[in-house]
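Structure at a glance
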Amino acid sequence: MLSGKRILLIIGGGIAAYKSLDLIRRLRERGASVTPVMTRAAEEFVTPLSVAALAGEKTYRALFDLTDEAEMGHIQLSRVADLVLVAPATADLMAKMAHGLAGDLASTLLMATDTPVMIAPAMNVRMWEHPATQRNLSILRGDGIAVIGPNDGDMACGEFGPGRMAEPLEIVDAVQAALGAGRLAGKRVVVTSGPTHEPIDPVRYIANRSSGAQGAAIAAALVAEGAEVVFVTGPADVPPPAGVRAVPVQTAVQMRAAVLDALPADAAVFAAAVADWRVAETSAGKIKKQAGALPVLRFEENPDILAEVAQMGDGRPPLVIGFAAETDDVEANATAKRVRKGCDWIVANDVSPQTGIMGGSENAVTLISPEGAERWPRMGKDAVATRLVSRIAERIA
Ligand code: CTP
C-alpha cells in the first residue's frame, strides 16, 4: 500500500497522457496522494481540470505563476514528495532531464528535487530507438533514475515496437516497490520456476513443456509487493521478471542446491515443473547411432525439493507453497499431496485437456490449505499470481 506517500506526478506531452488519468486513480486507490504537474504540451492531450479532479489537488501548470510561488515555491514542491514520477516521459523531457535544462516548471522541479525520480517513457518506436534517446536513457540511469517500461505493442501512431507507456498498474507496482512500501517489504521469498533439463549426453536432454509463465508472474507480483525475490529458474520460455535476483539452473540437482543456498526465507513458492527422474549415467561424449543397437537409459530419482524444504526442521521457511498439476479428482489428489509433501498450501491446477489450461494463458486453481479447499474462478495467470501473493502477504506480512 502507498498510504501516506506523496507522489509528485509530472505529466509530459504525449498521447499516453490519457493513461495518466487512470494512473492517478490507481495511485490514490492504494492510498497515495498525488500532486500533478503538467507541461504545456501535456495540456494538448488532457485538460488540467480533469487531472485536478482525479488528483483532488490543483494542477501546477506554469513556472512563473507568482501566486503559486508565494504559496509554494517550486523547490519546495519538488521536495515534499516521496517520489517524483514522470509519466509519460517524452523524448523531449528525457533529453531535458539528461542535460540539465530547466526552462519550465516540470524540468525545473526535476532539477531541484532531492527525492527519488522514476520515469515511464512513452514515444514513437523510432524516437525511442534513436541513438539520442538511448544516450539520454543511459545518462538518466547513471544518475540513479528508475525507469519503468516502455512496453512493446501497437502504438497510437500505427507502428509496432517498444515505446508504449507501461500500464498504470505496472507503474503503481514499480512505485510501491521503489518506495519499499509493499506489504512484503523486508521479506525474502524463494520462487522456483520453469522446467528442468536433465542431460542424456552433451547435446540431448529430457525436458517438459512448462513455460515458466506462472512462476514468473508470481515472482513479479512478489516484487510489486516489495519482497526480495530469489528466482531459481530452469530454462523457461519467459524471461525472469524485473527486480528479482535470478538464479538460472538446468537440472533438478542444481535447482535443489540453489534453493538451499537461498535459504533462510520467509516463504518459498515451488512453481517449477521439476523432472521426477534424471538419467543415471550421462555420457561424456555424444552417444553415437549404432546399427541395430538402441541405447538404454537407466533413470534415478531426482530430489523432491518441495518435500525436502517443507520437511526440514530448523530453517524451514514459515510458509511453504507447492503446486500440483492434476487431471482427475483435483481436490482429493492435491489434498493428499499437501499432506505427503508436508507443505502449508498447494496450488492445484486442473490440467485436464478439456480445460485448455496446459500452455494457455489462463489457470483454474484450487488453493488447498489445512483449512480446506478453495476453488478460485478461472482467471489469467497474472491474476492468479496477484491473488496468491495477496494471500501470502496476509499470512506473513
Ligand atoms: N517438486 C519439487 N521437486 C521435485 C518434484 C516436484 O520441488 N523433484 C515440486 C514442484 O515444484 C511442485 C510440486 O512439487 O510444487 C509438484 O509435485 P509432484 O509430486 O511433481 O506432483 P505433480 O507434478 O503435480 O504430479 P504427480 O503427482 O503426477 O507427480
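What counts and what doesn't
- Residues numbered from 1 in each chain as written.
- Predicted model: local features only at pLDDT ≥ 70, side-chain atom pairs only at ≥ 80, totals over all residues.
- Heavy atoms only, no water.
- Helix = DSSP H or I, 4+ residues; strand = E, 2+ residues; numbered from the N terminus.
- Buried < 20%, exposed > 50% of the residue type's maximum accessible area, 1.4 Å probe, protein only.
- Contact = heavy atoms within 4.5 Å.
- 1 Å grid on protein atoms, 1.4 Å probe; cavity = no way out; pocket = protein on both sides within 12 Å on 5 of 7 lines; lining within 4 Å.
- Points joined across faces, edges and corners; volume = space filled by probe spheres on them.
- Nonpolar A, V, L, I, M, F, W, Y, C, P; charged D, E, K, R; others polar.
- Axes fitted to C-alpha atoms, helices over the stretch in contact; angles between N-to-C directions.
- Parallel < 35°, antiparallel > 145°, perpendicular 65-115°, else oblique.
- Left-handed = near helix turned anticlockwise from the far one by under 90°.
- Polar contact = N/O pair within 3.5 Å; in protein donor to acceptor, adjacent residues only side chain to side chain.
- Pairing = 2+ DSSP bridges.
- Domains from an automatic or database assignment.
- Arc of directions from axis to C-beta.
- Near = heavy atom within 4 Å.
- Areas by Shrake-Rupley, 256 points an atom, 1.4 Å probe, with all protein chains shown as cover.
- Sits in = over half its atoms within 2 Å of the grid points.
- Phe/Tyr/Trp six-rings, centres within 6.5 Å; stacked < 30°, edge-to-face > 60°.
- Lys NZ or Arg CZ within 6 Å of the ring centre and 35° of its normal.

Per the secondary structure count, the protein chain includes 14 helices and 21 strands. By principal-axis analysis of the C-alpha atoms, the protein chain measures approximately 85 × 55 × 40 Å. Here the protein chain holds 397 residues, and the buried ones make up 48% of them. A sequence separation of at least 24 residues applies to 67% of the contacts in the protein chain between residues at least 6 apart.

Using a probe with the size of a water molecule, rolled over the atoms, empty space left in the structure can be pinpointed. Quantified by volume, the largest pocket comes out at close to 1,100 Å³. Examining the composition of the lining of the largest pocket, we find that four residues originate from one element, strand 16 (residues 319–326), more than from any other. Classifying every residue of the lining of the largest pocket by side-chain character gives 21 nonpolar, 14 polar and seven charged. Its boundaries defined by the atoms lining it, the second largest pocket holds a volume of some 970 Å³. The wall of the second largest pocket is formed by 29 residues, among which Glu170, Asp173, Ala220, Ala221 and Ala224 lie closest to the centre.

Take the packing of helix 5 (residues 91–99) against helix 8 (residues 131–142) next. A pair of packed helices is captured by two measures, namely the crossing angle of their axes and the spacing between those axes. Contact geometry for helix 5 and helix 8: axes closest at 9 Å, N-to-C directions at 50°. Between helix 5 and helix 8, the angle falls in the class oblique. Helix 5 and helix 8 meet at a crossing whose hand is left-handed. Across the interface between the two elements, Ala91, Met94, Ala95, Met97, Ala98 and His99 of helix 5 pack against Thr133, Asn136, Leu137, Ile139 and Leu140 of helix 8.

Structurally, the position occupied by Asn349 is in strand 17 (residues 345–350). The buried category is assigned to Asn349, whose relative accessible area is 12%. Among the polar contacts made by the side chain of Asn349, one reaches the side chain of Asn363 at a distance of 3.1 Å. For Asn349, the contacting residues outside a window of four places in its chain are Phe323, Ala324, Ala325, Glu326, Asn363, Ala364 and Val365.

Here we take up the pairing of strand 7 (residues 160–164). Where strand 6 (residues 151–154) meets strand 7, four bridges bridge the pair, whose relative direction is antiparallel. Its bridge partner lying in strand 7, Gly153 is registered against Gly161. Between the antiparallel neighbours strand 6 and strand 7 lie five residues, among them Gly158 with a positive phi of about 95°.

What follows concerns the domain arrangement of the protein chain. Once the domains are mapped, the protein chain shows domain 1 (6–178) and domain 2 (188–396). In this structure, domain 1 and domain 2 have C-alpha centres spaced 38 Å apart.

The next subject is the sheet that holds strand 20 (residues 372–375). The sheet built from eight strands is open, its strands ordered 12-11-8-13-16-17-19-20 with mixed pairing. The sheet is open, and its two borders are formed by strand 12 (245–248) and strand 20, each paired with just one other strand. Shown here is a sheet whose adjacent strand axes are inclined to one another by a mean of 20°, direction ignored. Along the sheet, helix 11 (residues 252–262) makes contact with strand 8 (188–193), strand 11 (228–233), strand 12 and strand 13 (267–270), crossing strand 8 at roughly 175°.

Every buried residue of helix 11 is accounted for by Ala252, Met255, Ala258, Val259 and Ala262. Each buried residue of helix 11 sits inside an arc of 120° when the element is viewed along its axis, so together they form one side. Residues of helix 11 that are buried in the fold lie against strand 8, strand 9 (198–199), strand 11, strand 12, strand 13 and helix 12 (305–310).

Taken together, 14 residues are adjacent to the ligand, and Phe270, Ala272, Pro303, Phe323 and Lys337 come closest. The backbone of Pro303 places a nitrogen or oxygen atom 2.8 Å from a nitrogen atom of the ligand. Alone, the ligand offers 580 Å² of accessible surface; in the complex the protein occludes 76% of this. Applying the majority rule of atoms within 2 Å of the grid points places the ligand in the largest pocket. Among the secondary structure elements, those contributing two or more residues to the shell around the ligand are helix 12, strand 16 and helix 13 (330–341). For the shell around the ligand, the leading source of residues is strand 16, giving four residues.

Now for the packing of aromatic side chains. Applying the stated criterion to the full structure yields zero aromatic pairs. Directly above the ring of Tyr60 sits Lys58, whose terminal nitrogen or CZ lies 5.1 Å from the centroid. One cation-aromatic arrangement involves Arg387 over Trp376; the distance from NZ or CZ to the ring centre is 4.7 Å.

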